[in-house]
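# Chain and residue survey
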Amino acid sequence: MRFEDFIGNAQVLRRLRDRLREARFPHGLLFGGPAGVGKHTCALMLAKALNCSESAPGDFCDSCTQCRKINAGVHADVILVQPEEDGAAIRISQIREILETLALRPLEGTHKVYIIDPADAMNDAAANALLKALEEPPEDCSFILISANPQALLVTVRSRCQTYSFAPLTLGELRSFGSDELALRWSRGSIGTLKSLDLVALRNRRDAALDFLETAVQAKEEAFADMISASADLARSKSEFEPYLNALAILMEDILYVREDSASRIVNVDLEPRLRKIAAEIPQEQFSRIADFLRTIEINLERNVNRQMLSDNLALTANATLEKIANDNPGKSR
Ligand SMILES: [Zn+2]
């Protein structure tokens, strides 16, 4: 893939290519933004541009030995640092290992590039070890830190990097990668999500979430409170905890759009009549409660908390919601 073929985030790419044409490429870069919008791809393109033996500054050929080795993941000067297992931390020993190579000249290219992805997986010890390298980096090396959650990085690390924020792709941009309208909209600007989407599972999950919402709309106050805790229990026992809640949140958002006369923005275009029905029937108060509840969950999801923490949080939120409902209705006892 060449720079011209990169879809989305045109402005970020332009700024980065400007940096490539300057005499000194930054030593620390931080790519923030949601998963699946091209941060890692972009980091590899920069590594190629910094090492390509055929192209003018600011570009790469994608076919010379340097470029091909980087594409194959076997270039000695382009080093990827990631957790050794999914969900594990990047440990200090991994950072120490790369720091040992720091003072050496590039082995086969001209510029060493260390890609740390996801950078927020570094534990504090690892991040502090990296800090030293970011403070006094050798001339011919750069660190590219990638994170969907840059706020989770140490401030001292962040402040030593130039930050580039990647945005979700627009629906139009995403159309280059697929044509199913529901899949496109459900991916919310993430190429990664679009490519890994299981539409059958998605529809099942979505149906369950919609059934829940339709029942919630009909539920009396007391029953509604029970439903919320029931949904928390249901989610906790399911392996697809996050996607289920995510489905609920997206449906709720759609209902909001319908209420605000912005139906063109809804994700679940095929469900519009049912969404309209819920939007018309749901009392404002009830709606706000479900929305608050889901917002809390979404914030927790975005923070990348682990599942156990999330389910604990969810139980707490459900309890808080129950309390709130009890306070709102002091006359009623549950
Ligand atoms: Zn090349």
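Criteria and cut-off values
Residues numbered from 1 in each chain as written. Predicted model: local features only at pLDDT ≥ 70, side-chain atom pairs only at ≥ 80, totals over all residues. Helix = DSSP H or I, 4+ residues; strand = E, 2+ residues; numbered from the N terminus. Expected span 1.5 Å × (residues − 1). Buried ≥ 20, exposed ≤ 12 C-beta atoms within 10 Å, placed from the backbone. Arc of directions from axis to C-beta. Contact = placed C-beta atoms within 7 Å. Pairing = 2+ DSSP bridges. Axes fitted to C-alpha atoms, helices over the stretch in contact; angles between N-to-C directions. Core = buried A, V, L, I, M, F, W, Y, C linked by C-beta atoms within 7 Å. Parallel < 35°, antiparallel > 145°, perpendicular 65-115°, else oblique. Left-handed = near helix turned anticlockwise from the far one by under 90°. Nonpolar A, V, L, I, M, F, W, Y, C, P; charged D, E, K, R; others polar.

## Topic: helix H5 (residues 124–135)
Taking 1.5 Å as the rise per residue, H5 with twelve residues should run 16 Å; its terminal C-alpha atoms sit 16 Å apart, in good agreement. Listed as buried for H5 are Ala126, Ala127 and Leu130. Taken around the axis of H5, the buried residues stretch over an arc of 90°, which confines them to a single face. Of the residues in H5, the exposed ones pointing more than 90 degrees away from the buried face are Asp124, Lys132 and Glu135. Where H5 is buried, its residues contact helix H4 (92–100) and helix H6 (155–158).

## Looking at helix H2 (residues 39–51)
With 13 residues, H2 ought to run about 18 Å at 1.5 Å a step, and its terminal C-alpha atoms sit 19 Å apart, in line with that. Taking burial as the measure, the 13 residues of H2 include eleven buried ones, the bulk of the element. Residues Lys39, Cys42, Ala43, Leu44, Met45, Leu46, Ala47, Lys48, Ala49, Leu50 and Asn51 constitute the buried set of H2. At its buried positions, H2 is contacted by helix H1 (10–21), strand E1 (28–32), helix H3 (65–72), strand E2 (78–81), strand E3 (112–116) and strand E4 (141–147).

## Things to note about the sheet that holds strand E5 (residues 162–165)
Pairing is parallel in the open sheet, where five strands are placed in the order E2-E3-E4-E1-E5. Looking along the sheet, the strands with just one partner apiece sit at the ends: E2 and E5. For this sheet the average axis-to-axis angle between neighbouring strands, irrespective of direction, equals 20°. Bridge analysis of E3 against E4 gives five bridges, and the strand direction is parallel. Residue valine 113 lies in a different strand from E4, and its bridge partner there is serine 142.

## So, the nonpolar core
Across soluble globular proteins, you tend to see nonpolar side chains buried next to one another. Ranked by internal contacts, the top residues of the largest apolar core, which has 49 residues, are Phe31, Ala43, Leu46, Ile116, Ile144 and Leu145. If you tally residues by element for this core, the top one is H2, at eight residues. Filtering out sequence-adjacent residues up to four positions away, leucine 145 remains in contact with Leu29, Leu30, Phe31, Ile116, Ala119 and Cys161. Grouped together as the second largest cluster of nonpolar side chains are 18 residues, Ala216, Ile250, Leu251 and Ile266 included.

## Side note on the environment of phenylalanine 3
With respect to the helices and strands, phenylalanine 3 occurs in the segment before H1. With 20 C-beta atoms counted inside 10 Å, the residue phenylalanine 3 sits in the buried group. Expressed as a C-alpha distance, the spacing of phenylalanine 3 and arginine 17, which sit 14 residues apart in the sequence, is 9.0 Å. Residues contacting phenylalanine 3, with those up to four places away along its chain left out, are Leu13, Arg17, Met45 and Asp59.

## Focus: the packing of helix H10 (residues 199–218) against helix H13 (residues 272–281)
Close contact between H10 and H13 brings their axes to 10 Å; oriented N to C, the two are set at 25°. On the basis of the axis angle, H10 is roughly parallel to H13. By crossing handedness, the relation of H10 to H13 is classed as left-handed. Judged by residue contacts, Leu210, Leu213, Glu214 and Val217 of H10 engage Arg274, Ile278 and Glu281 from H13.

## Focus: unusual backbone geometry
With an omega dihedral of -5°, the bond running from aspartate 117 to proline 118 counts as a cis peptide bond. In this structure, aspartate 62 takes a positive phi of about 70° despite not being glycine. Here aspartate 62 shows up in the loop between H2 and H3. A count of 18 C-beta atoms within 10 Å places aspartate 62 in the partly exposed class. Residues other than glycine seldom take positive phi values, yet aspartate 261 does so here, at roughly 60°. One can find aspartate 261 in the loop between helix H12 (241–259) and H13.

## Describing the packing of H4 against H5
Two numbers describe how H4 lies on H5: the axes approach to 8 Å, and their chain directions differ by 20°. On the basis of their axis angle, the class for H4 and H5 is roughly parallel. Every pair of crossing elements has a handedness; the one defined by H4 and H5 is left-handed. Across from Ile92, Gln94, Ile95, Arg96 and Leu99 in H4, the residues of H5 making contact are Ala125, Ala126, Ala129, Leu130 and Ala133. Looking at side-chain class alone, the contact of H4 with H5 contains eight nonpolar, one polar and one charged residues.

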